[in-house]
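Chain and residue survey
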Amino acid sequence: MATGLTVSGHALRWAARCYRDNAALLVALAAAASLQRFGTIRYGDELPAAIGPAGEALTGLTRIAVIAVALRALAREPELAPLTPRERLDLFGSAAGARRRALVAPALLLAAAFVIFDVIPNAVITLRVEPADRRELIQAILVAVKNPTVIVLTMLWMVGLARELMTEHLRAAAR
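Every value quoted in this text rests on a predicted model; they were computed, and no experiment measured them.

**Some words on the environment of Arg86**
By the secondary structure assignment, Arg86 is in helix α4 (residues 85-98). Each C-alpha atom of the pair Arg86 and Asn122 lies 41 Å from the other, and the pair is 36 residues apart in sequence.

**Some details on the side chain of Lys146**
In this structure, Lys146 sits in helix α6 (residues 132-174). On the basis of relative accessible area, Lys146 is assigned to the buried category, the value being 10%. Residue contacts for Lys146: discarding those within four places in its chain leaves Phe117, Asp118 and Ile151.

**Quick word on the nonpolar core**
Across soluble globular proteins, you tend to see nonpolar side chains buried next to one another. If you look at the biggest cluster of nonpolar residues, it comprises 25 residues, and the most contacted ones within it are Trp14, Leu26, Val66, Leu74, Val152 and Leu156. Those elements giving two or more residues to this core turn out to be α1 (4-21), α2 (23-43), α3 (51-75), α4 and α6. Looking at this core element by element, the count peaks at eight residues for α6. In contact with Leu156, not counting residues within four places along its chain, are Trp14, Ala15, Cys18, Tyr19, Leu26, Val66 and Ala70.

**Considerations on the pattern of salt bridges**
Side chains that differ in charge, positive against negative, can pair when their charged atoms come close. All told, the structure shown has eleven salt bridges when counted by the stated rule. Residues Arg163 and Glu164 are paired through a salt bridge, measuring 3.0 Å at the closest nitrogen-oxygen approach. Residue Arg163 shares its accessibility class with Glu164, and that shared class is buried. Through salt bridges with shared partners, one network takes in Glu77, Glu79, Arg163, Glu164 and Arg171.

**Quick notes on the packing of aromatic side chains**
With the rule as written, the count across this model stands at one aromatic pair. Here Phe38 and Tyr43 contribute two aromatic rings whose centre-to-centre distance is 6.4 Å and whose plane-to-plane angle is 65°, an arrangement assigned as edge-to-face. Look at Phe38 and you get partly exposed, because its relative accessible area is 24%.

**Points about α1**
The terminal C-alpha atoms of α1 lie 25 Å apart, and with 18 residues this matches the ideal 26 Å at 1.5 Å per residue to within 8%. Every buried residue belonging to α1 is among Gly4, Val7, Ser8, Ala11, Trp14, Ala15, Cys18 and Tyr19, and all of these are buried. For α1, the arc enclosing every buried residue in end-on projection is 140°, short of the 170-degree limit, so these residues lie on one face. The outward face of α1, more than 90 degrees from its buried face, is lined by the exposed residues Leu5, Arg20 and Asp21. Of the surrounding elements, those touching the buried residues of α1 are α2, α3, α5 (104-128) and α6.

**Observations regarding the side chain of Asn147**
Examined against the element boundaries, Asn147 turns out to sit in helix α6. A distance of 2.9 Å separates the side chain of Asn147 from the side chain of Arg63, its partner in a polar contact. Setting aside residues no more than four positions away along its own chain, Asn147 makes contact with Ala30, Ala33, Ser34, Arg37, Arg63 and Val152.

**Some words on a nonpolar patch on the surface**
The grouping of Phe114, Val115, Ile116, Phe117, Val119, Ile120 and Val124 at the surface amounts to a nonpolar patch, some 600 Å² of accessible area in total. Looking at where Phe117 falls in the secondary structure, it is placed in helix α5. Taking the relative accessible area as the measure of exposure, Phe117 reaches 40% and is therefore partly exposed.

**Here we look at the confidence of the model for the protein chain**
Averaged over every residue, the pLDDT of the protein chain is 93; residues scoring 70 or more account for 99%. No element of the protein chain has a lower mean pLDDT than α2, at 92, and none a higher one than α1, at 96.

Conventions used here
- Residues numbered from 1 in each chain as written.
- Predicted model: local features only at pLDDT ≥ 70, side-chain atom pairs only at ≥ 80, totals over all residues.
- Heavy atoms only, no water.
- Helix = DSSP H or I, 4+ residues; strand = E, 2+ residues; numbered from the N terminus.
- Buried < 20%, exposed > 50% of the residue type's maximum accessible area, 1.4 Å probe, protein only.
- Contact = heavy atoms within 4.5 Å.
- Core = buried A, V, L, I, M, F, W, Y, C linked by side-chain atoms within 4.5 Å.
- Salt bridge = Lys/Arg side-chain N within 4 Å of Asp/Glu carboxyl O.
- Phe/Tyr/Trp six-rings, centres within 6.5 Å; stacked < 30°, edge-to-face > 60°.
- Expected span 1.5 Å × (residues − 1).
- Arc of directions from axis to C-beta.
- Polar contact = N/O pair within 3.5 Å; in protein donor to acceptor, adjacent residues only side chain to side chain.
- Patch = residues over 30% accessible without salt bridge, like charges linked within 9 Å, V, L, I, M, F, W, Y side chains within 5 Å.
- Areas by Shrake-Rupley, 256 points an atom, 1.4 Å probe, with all protein chains shown as cover.
- pLDDT = per-residue confidence, 0-100.

So, in structure tokens, the structure goes:
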């Protein structure tokens, strides 16, 4: 059985392949969220009140669509393709239950990524960028860039973790 770091690495490689294979769709989906986030941060006070909730709904839908793209890719995996969606869900539950400790390393990596890609940049912007309107612009650009990169890749990585646990569980059961 693979360690949590090995599982994380395999999942990240799968996520990178999934991103590469679906780049046009994923970037288009992320662009909608990027534009929404950029507009809200940069021009939020100037926008009509209904734009905020509508933009959040749009961003939520794009996130769901990214997960759908990843799940479609997962369902095409040779080991998982013969299974029904219900069987894949049951397999994930069994695999995650059997490998709870293997999920500690990915959770720690996710926490570290959050600090590196969110907390630290936000702190630097807050502490170092003046005047406030320039800070707002830099923040808006940062968030817009993170949507098609860090955020989408993290979502794909999460599905990749599930894929790795499921395929590993199938291989172990076949022995």
